[in-house]
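Listed here are the chains, written in short residue letters.
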Amino acid sequence: MLKQFGLMILFTFSVASASAQLQQLKISADKHHLITADGKPFFWLADTGWELFHKLNKDDATAYFKKRSEQGFNVIQAVALAELDALKIPNANGDLPFLDTDFSKPNEKYFQYIERLIDIAAGYHIYIALLPTWGDKVFKNSWGKGPEIFNPATALVYGKWIGNRFSDKTNIIWIIGGDRDPRANSQDVATWRALAKGVAEGIGNGSNTLMTFHPQPSGTSSSSKWFQKDDWLSFNMLQTGHCRDTEVWQTVSYDYKATPTKPVINGENIYEEIQVCFNAKQLGYANAYDVRKAAYLSVFAGACGHTYGCGPVIFFGDKGSNGFANLHGWKDGLDLTAANEMKYLRSLMESRPILDGVPDQKILLNEGSCSAERIQATRGKDYAFIYTAYGRDIIIKENIISGSKLHANWYDPRTGKSTFIGEFDNNKQLSFTPPLPVAAAAPSQREDWVLVIDDASKNYSMPDRKL
C-alpha cells in the first residue's frame, strides 16, 4: 500500500491559473517577525476557515475570500483532511479525498479543487495556512471522527505526496497538527515529525517554506512544548482556547523569550460568538470585546500577527448547527463586529516600523495583573503602542523612546479613529486617562483603548489621518 502511494509523489498535478502569485514568506533577521521574499514586513491577520475545502463550493469560497480580503485579512487557516468526517462525507462537489477510503489512493479531483481555491485566494492577496490533516486522523479522542490512519510511516508518505502536490504554491504556509497535543508514551510526536519531514521533502526546497504546529486548547498550549528545537518549526503557534479573560500575554511572552528564537502567533483564541468555555447557559457567548482583548494583548506581548475566528464561520455552518448552537449562519457571521474591527489592529501595526517593534512592559508603571485590568505595551525606537484592556489610566516612564518631544494620540480599536491628545516633554513621567475612564463608567460601558506615543520629530500619521 505504501509503495503504491509513494509512487504518486513522482507526479505533480497542476491546473492553469491566472491568479496572482504572492511572494513566499520568510523569517526576519531578528527571528521575531515575518517578511516577504523582498524583505517587506508582513503582519499576519488570519481568519479561521477550517472546513473551507470541505464545505464550500467555488462561488461561495470566492465570495468568502473577497469579503475577508476587504476586511483586511491576509491569511486563511484551513484543513485538507477536515475534522467533520471528511474521509466519508464528500466535499461540495461530491468528491472524497481518497478513493475507496484508502489513504494510499488520493482522489485527484478532490485535491485539484483545493488547488483551485488556493489560486483564487492568491488573487485576493490571501495566503493559505494549510493543515495536511486534522489531528483526529492521528488521535481521534472523544470529539473526533477519525479514523486514525496516520503513524510515523504513513504520515511520512502522505507528507511527501501532499508537499509535492502543492510544491509550486507560494501562498501556502504549512501547519502540522490539528487540535491535538501529542500524548505521553505514544507515537504522536514521531508521527507529527514524520509528517513535517515528508512535507518538506515533498516540496523539495529545504527550509524555505514556513511551517508550524497547531496544538489543542488548554489555555497555555503551544508548539514550543514539543518542537521548539526542531528545525522544521519555523514559528510557534499557540492556542489559548475559548474561555473569557485568558491571560494570553503570558503564553505569548513565554514563546517570545524561548530559544532558539522564533516568531509566535496566537493561532486560535476565543472565537467571536462561540459559547464561552463551551457553556452558553452560564457564561453566554463571546463578544467583540473578548476577541479584541485577546488580539491586542497577544500582539502587544510579541506575537507577529493574530488569528481571528468566529463560531458560525469556522465550520461554515447554518444557524444553530455544529454543536456550537450558532446564533447566525456563516454568511451572516462574516459581518460580526470583531471581524470588521481586526483591520484596525493591522492598520495600526503597519503604520509604524513593525520590524523595530518589541514588547516592553518596563515602560509602564501600572501594567496590572489580571486580564480585566491588563495594560500591555509594545514599542519601536521612536514609537510606542499601549493597550489598556479596561479603560484604566496609563502611566509611562520618562524617555521611553527617542525624541525631546512626544506626540500622543488615543486610538479607538472599535472604529480605527484617533484623537490627538497633545505634545509633551519626554523627560518626565506622564499619565493619560482614556476618553471613557473606568471610574466613571458602568461595567457594561468600560472600553478598551490604545495610547499611541511618537517621537514628535518623526511626524508619524495615525492610520485614519494618512498623509
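Residues numbered from 1 in each chain as written. Predicted model: local features only at pLDDT ≥ 70, side-chain atom pairs only at ≥ 80, totals over all residues. Heavy atoms only, no water.

(A) Broad picture of the overall build of the protein chain. Regarding its fold elements, the protein chain presents 13 helices and 20 strands. When its C-alpha atoms are laid out on the principal axes, the protein chain stretches across 70 × 50 × 45 Å. Contacts spanning at least 24 positions in sequence make up 72% of the contacts within the protein chain whose residues lie at least 6 apart. Of the charged side chains in the protein chain, 50 are positive and 51 negative; the average position of the first set lies 2 Å away from that of the second. (Helix = DSSP H or I, 4+ residues; strand = E, 2+ residues; numbered from the N terminus. Contact = heavy atoms within 4.5 Å. Lys, Arg positive; Asp, Glu negative; His and termini not counted. Charge placed at Lys NZ, Arg CZ, Asp CG, Glu CD.)

(B) Just the environment of L210, in detail. Structurally, the position occupied by L210 is in the loop between α6 (188–203) and β8 (211–214). For L210, a relative accessible area of 5% corresponds to the buried category. Sequence separation between L210 and W232 is 22 residues, and the spatial gap between their C-alpha atoms is 8.2 Å. Residue contacts for L210: discarding those within four places in its chain leaves L25, K26, I27, L34, I173, W174, S234 and F235. (Buried < 20%, exposed > 50% of the residue type's maximum accessible area, 1.4 Å probe, protein only.)

(C) The packing of aromatic side chains, seen in detail. Enumeration according to the criterion identifies 26 aromatic pairs in this entry. For the pair F111 and W161, a centre-to-centre distance of 4.7 Å together with 75° between the ring planes defines the contact as edge-to-face. One end of the pair, F111, is in helix α4 (residues 108–123); the other, W161, is in helix α5 (residues 152–165), with 50 residues separating them in the sequence. Centroid distance F424 to F432: 5.2 Å. Interplanar angle 85°. Geometry classified as edge-to-face. Members of the aromatic cluster, each reached through a chain of ring pairs, are F98, F103, Y110, F111, F150, Y158 and W161. A cation over an aromatic ring shows up here: R183 above the ring of F139, its NZ or CZ 3.8 Å from the ring centre. Above the ring of W449, the side-chain terminus of R414 is found at 5.0 Å from the ring centroid. (Phe/Tyr/Trp six-rings, centres within 6.5 Å; stacked < 30°, edge-to-face > 60°. Lys NZ or Arg CZ within 6 Å of the ring centre and 35° of its normal.)

(D) Quick look at the sheet that holds strand β14 (residues 375–379). The antiparallel open sheet is built from six strands, whose spatial order is β13-β14-β15-β20-β17-β18. Single-partner strands in this sheet number two, and they are β13 (358–359) and β18 (418–425). Bridging between β14 and strand β15 (residues 383–388) involves five bridges; their strand directions are antiparallel. Across the sheet, the residue bridging to T378 is F385, located in β15. In the packing of helix α10 (residues 288–300) onto the sheet, the strands contacted are β13, β14, β15, β17 (405–411) and β20 (449–455), and the crossing angle to β15 comes to about 145°. The strands touched by helix α13 (residues 342–350) are β15, β17 and β20; relative to β17, the strand with the most contacts, the crossing angle is about 170°. (Pairing = 2+ DSSP bridges. Axes fitted to C-alpha atoms, helices over the stretch in contact; angles between N-to-C directions.)

(E) Just the packing of α5 against α6, in detail. For the pair α5 and α6, the least separation of the axes is 6 Å and the interaxial angle reads 30°. Our classification of the angle between α5 and α6 gives roughly parallel. Where α5 crosses over α6, the handedness of that crossing is right-handed. Packed against α5, whose contacting residues are P152, A155, L156, Y158, G159, K160, I162, G163 and N164, the element α6 presents A190, T191, A194, L195, K197, G198, V199, E201, G202 and I203 at the interface. (Parallel < 35°, antiparallel > 145°, perpendicular 65-115°, else oblique. Left-handed = near helix turned anticlockwise from the far one by under 90°.)

(F) Examining the pattern of salt bridges more closely. What the rule picks out here adds up to 27 salt bridges. We note a salt bridge from E108 to R165, for which the minimum N-O separation is 2.9 Å. Residue E108 is located in helix α4, and its partner R165 is located in helix α5; the two are separated by 57 residues in the primary sequence. Both residues of the pair, E108 and R165, count as buried. The network of salt bridges with shared partners includes R292, E341, D412, R414, E447 and D448. (Salt bridge = Lys/Arg side-chain N within 4 Å of Asp/Glu carboxyl O.)

(G) Structural context of the sheet that holds strand β3 (residues 41–42). One open sheet holds the three strands; their spatial order is β1-β2-β3, and the pairing between them is antiparallel. Pairing within the sheet leaves two strands with one partner each, and these edge strands are β1 (25–27) and β3.

(H) View of the environment of L406. Mapped onto the elements of the fold, L406 is located in strand β17. Judged by relative accessible area, L406 falls into the buried class, the value being 2%. For the pair L406 and G422, spaced 16 residues apart in sequence, the C-alpha separation works out to 8.3 Å. Look past the residues within four positions of L406 in its chain and what remains in contact with it is I401, G422, E423, F424, D425, N426, L430, I453, D454, D455 and A456.

(I) Layout of unusual backbone geometry. Here G146 and P147 are connected by a cis peptide whose omega angle stands at 0°. Relative to the elements of secondary structure, P147 occurs in the loop between β6 (127–131) and α5. That bond from T259 to P260 is cis: its omega, -5°, falls within 30 degrees of zero. In this structure, P260 sits in the loop between α8 (248–257) and β11 (264–268). In this structure, K31 is a non-glycine residue whose phi angle is positive, near 70°. Within the element layout of this structure, K31 appears in the loop between β1 and β2 (34–36). Within the chain, D179 stands out as a residue other than glycine whose phi angle is a positive 65°. Turning to its location among the elements, D179 is positioned in the loop between β7 (172–177) and α6.

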